[in-house]
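Single-letter residue listing:
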Amino acid sequence: MGDPVSGNESSVRERIIALDKQRVWHPYTEMHAWRERAEPLVIAEARGSRLIDFDGREYLDGNASWWTCTLGHGHPRLVAALQRQAETLCHTALAGIAHQNASELAEALCAVAPGGLEHVFFSDNGSTAVEVAIKLCLQYWAQNGRPERKRFVSLEEAFHGETLGVTALGGVEVFRKPFEGVLLERIQVPPPREPRDHDRAFEALERAVTENVDTLAGVVLEPVVQGAAGMRSYDPAYLRHARDLCDRYDVFLVCDEVFTGYGRTGPMWASDHAAVLPDLVCTAKGFTGGMLPMAATLTTERIFEGFTGDANRAFYYGHTFCGNPLGAAVALEVLRIYEDEQILQGTRARAERIAATFRELGQLPGVVHTRALGMIGALDLAGEGGYLADAGWRVYDLALERGAYLRPMGNVVYVTPSLNIPDDDLDQLLAILVECVRAVAGG
Ligand SMILES: *Cc1c(COP(=O)(O)O)cnc(C)c1O
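## Describing the overall build of the chain
When helices and strands are tallied, the chain shows 15 helices and 16 strands. For the chain, whose C-alpha radius of gyration is 22 Å, the value lies close to the compact-globule estimate of 22 Å for 443 residues. For the C-alpha atoms alone, the extent of the chain along its principal axes is close to 65 × 55 × 45 Å. Across the 443 residues in the chain, those meeting the buried criterion constitute 54%.

This is how it looks when you write it as structure tokens:
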């Protein structure tokens, strides 16, 4: 074993970085470029809407740590719930065992979920939540009279996670391309980006469903906002249209609410914008307020019943940490805080400030397109390059100097702060955003 990291502050910091560069392989990162980056951010603490680095410098967390910390970092009630639970039961298997947290969380989750979702399958992260959903669809049809139904419709630029199964549904080219030859078959359709695209997009979806109805297991969508695509939104009417089609042809509608759930877009679920009742809903990220890796897939009585009656029909699938008591205790406390602190109601005024700021940034010559919905604001900087473009990173560097963390997606600069970010912090975050985008995009 190596020596524990200790010593004076700056030598400790240097040693963390040296070990990191030697050993740690970072997600979504070209590692030579990372190693050459002289000063990586070393985060030591996080509180509320702030990340605090090793030297005590604070950064407003512009993306709620990868879209997860809907209640800010270290919410005292979440920390207390975790501590309490750690003293009684940290882990037990969920196969063949029941425990209080899993029971109460499943009940509380169904109570806030779209109508008709009656059963909860727990897993560890957003990718597995969607993986569970697609396996449920495939196995359901396989043993309920439609074994030829094995394909899915998904959207261009979709992101549903990183397991091999859900990679197949994705449309972000750099994530998908290396695995092209070994993926499940999906049928990709373009979402309606602009009002003028509506008819064409509706027709494409309708064709995809009607022409493939015999082999189609489900339609999988990020409802209303596609996060990893660059915070691209589409008209909720599209979602209603998808629901109607799925009803008409008896195909399952899967809503991947991993990013959009828990009030990110305003209401609890993005599917609420369209008053749509999905057959399956996937949740993660905000599900534990970003504190622990835990996820859930919710489904209907009909799908649940399709797996009963005979041992051969059961869902032989699980993860070691299904229903983990620590995660479940925190996830349950998250729902209580949403209610007690009126979290969704509290976002309305903040959402309006975000929208106003992005409207204003839309006037700049180097900004091509802005959008805002709920606690999401995003803009595109002019220029080509997709996910690997670098104009956003110039904004990132400037923002870091001014005390804000604004990780971009290529040329897309966005904010997705915690839902309960204090007004002063939000003002400061938006002021830094405006200053840095102006510096890069002119005006
Ligand atoms: C982040 C995300 C996922 C994957 O979640 P992980 O926890 O990173 O596996 C799936 N779907 C959507 C819409 C996401 O934003």
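From this point, the discussion proceeds with the structure in view.
## Remarks on the sheet that holds strand β14 (residues 376–381)
One open sheet accounts for three strands, arranged β13-β14-β16; its pairing is antiparallel. The open sheet has two edge strands with one neighbour each: β13 (367–373) and β16 (412–415). Strand-to-strand twist across the sheet, computed as the mean angle between neighbouring axes with direction ignored, equals 15°. Taken together, the six bridges between β13 and β14 define a ladder with antiparallel strand orientation. Its bridge partner being in β14, His369 is matched across the sheet by Asp380. Strand contacts of helix α15 (residues 423–441): β13, β14 and β16, with the helix running at about 170° to β16, the strand carrying the most contacts.

## Brief notes about the packing of helix α9 (residues 198–211) against helix α10 (residues 236–249)
Running from N to C, α9 and α10 cross one another at 20°; their axes reach a closest spacing of 10 Å. Between α9 and α10, the angle is such that the two are roughly parallel. Between α9 and α10 lies a crossing of right-handed hand. Residues Ala201, Phe202, Leu205, Glu206, Val209 and Thr210 of α9 form the contact with α10, whose own contacting residues are Ala237, Tyr238, His241, Ala242, Leu245, Arg248 and Tyr249. When its residues are assigned to classes, the contact of α9 with α10 shows nine nonpolar, two polar and two charged.

## Re the pattern of salt bridges
Applying the stated rule across the entire model yields 30 salt bridges. For Arg359, the salt bridge is made with Glu352, and the minimal N-O distance between the two is 3.2 Å. Taking relative accessible area as the criterion, Arg359 reaches 48% and is therefore assigned partly exposed. Residues joined by salt bridges that share partners form a network here, namely Arg77, Glu104, Glu333, Arg336 and Asp340.

## Details of the domain arrangement of the chain
Taken as a whole, the chain is organised into domain 1 (41–74 + 344–441) and domain 2 (77–340). Measuring from the centre of the C-alpha atoms in domain 1 to the corresponding centre in domain 2 gives 27 Å. Of the residues lining the interface, 25 residues belong to domain 1; the matching set on domain 2 comes to 27 residues. Taken together, both faces of the contact between domain 1 and domain 2 bury some 2200 Å²; the carbon and sulfur share is 69%.

## Remarks on the layout of surface pockets
By volume, the largest pocket amounts to about 1300 Å³. Looking at the largest pocket, it is lined by 38 residues, and the ones nearest its centre are Pro27, Thr29, Trp34, Trp393 and Arg407. Contributions of two or more residues to the lining of the largest pocket are made by α1 (9–23), α2 (31–36), β1 (43–47), α3 (64–67), α8 (173–176) and α14 (391–402). In terms of residue class, the lining of the largest pocket is built from 26 nonpolar, six polar and six charged. Two domains each donate at least three residues to the lining of the largest pocket, and these are domain 1 (41–74 + 344–441) and domain 2 (77–340).

## Structural notes on α10
Taking 1.5 Å of rise per residue, 14 residues should cover 20 Å, and α10 covers 20 Å from first to last C-alpha, within 8% of that figure. Looking only at α10, the buried set comprises Tyr238, Leu239, His241, Ala242, Arg243, Leu245 and Cys246. Tucked into the core, α10 has its buried residues touching β5 (151–155), β6 (186–189), α9, β7 (216–221) and β10 (252–256).

## Some details on empty space enclosed by the protein
Inspection of the entire model under this criterion finds two cavities of 30 Å³ or more. The volume enclosed by the largest cavity comes to roughly 50 Å³. In terms of lining residues, the largest cavity is bounded by Ala158, Phe159, His160, Gly161, Glu162, Val166, Thr167, Gly170, Gly171, Val172, Phe175 and Arg176. Going through the elements one at a time, α7 (164–167) and α8 are the ones with two or more residues in the lining of the largest cavity. Taken together, the residues that form the lining of the largest cavity break down as five nonpolar, five polar and two charged.

## Looking at the sheet that holds strand β3 (residues 58–61)
Hydrogen bonds along the backbone pair up the strands of a sheet, which may run parallel or antiparallel. Pairing is mixed in the open sheet, where four strands are placed in the order β1-β2-β3-β15. Only two strands of the sheet have a single neighbouring strand rather than two, namely β1 and β15 (404–405). Two strands pair when backbone bridges link them, and β3 and β15 are joined in this way by two bridges, in the parallel orientation. Counted as the bridge partner of Leu60 is Ala404 from β15. Taken strand by strand, α15 contacts β2 (50–53), β3 and β15, and its axis lies near 95° from that of β3.

## A few points about the site of the ligand
In the vicinity of the ligand, the contacting residues are Trp67, Asn125, Gly126, Ser127, Phe159, His160, Gly161, Glu222, Asp256, Val258, Phe259 and Lys285. Between Ser127 and the ligand, the recorded distance is 2.5 Å, taken from a side-chain N or O atom to an oxygen atom. In this structure, an oxygen atom belonging to the ligand sits 2.7 Å away from a side-chain N or O atom of Lys285. With the chains in place, 83% of the 380 Å² that the ligand exposes on its own is no longer accessible.

## As for a nonpolar patch on the surface
Taken together, Leu164, Phe179 and Val182 make up a surface patch of nonpolar side chains, about 280 Å² in accessible area. Considering the arrangement of structural elements, one finds Leu164 in helix α7.

## Some details on the pairing of β1
The sheet contact formed by β1 and β2 spans four bridges and is antiparallel. Within β2, the position partnered with Ala46 by the bridge is Leu51. Where β1 folds back onto β2 in an antiparallel hairpin, the turn is made up of two residues, including Gly48, whose phi is positive at roughly 55°.

Criteria and thresholds
Residues numbered from 1 in each chain as written. Predicted model: local features only at pLDDT ≥ 70, side-chain atom pairs only at ≥ 80, totals over all residues. Heavy atoms only, no water. Helix = DSSP H or I, 4+ residues; strand = E, 2+ residues; numbered from the N terminus. Rg over C-alpha atoms; globule rule 2.2 N^0.38 Å. Buried < 20%, exposed > 50% of the residue type's maximum accessible area, 1.4 Å probe, protein only. Pairing = 2+ DSSP bridges. Axes fitted to C-alpha atoms, helices over the stretch in contact; angles between N-to-C directions. Contact = heavy atoms within 4.5 Å. Parallel < 35°, antiparallel > 145°, perpendicular 65-115°, else oblique. Left-handed = near helix turned anticlockwise from the far one by under 90°. Nonpolar A, V, L, I, M, F, W, Y, C, P; charged D, E, K, R; others polar. Salt bridge = Lys/Arg side-chain N within 4 Å of Asp/Glu carboxyl O. Domains from an automatic or database assignment. Buried area = accessible area lost by both parts, 1.4 Å probe. 1 Å grid on protein atoms, 1.4 Å probe; cavity = no way out; pocket = protein on both sides within 12 Å on 5 of 7 lines; lining within 4 Å. Points joined across faces, edges and corners; volume = space filled by probe spheres on them. Expected span 1.5 Å × (residues − 1). Near = heavy atom within 4 Å. Polar contact = N/O pair within 3.5 Å; in protein donor to acceptor, adjacent residues only side chain to side chain. Areas by Shrake-Rupley, 256 points an atom, 1.4 Å probe, with all protein chains shown as cover. Patch = residues over 30% accessible without salt bridge, like charges linked within 9 Å, V, L, I, M, F, W, Y side chains within 5 Å.

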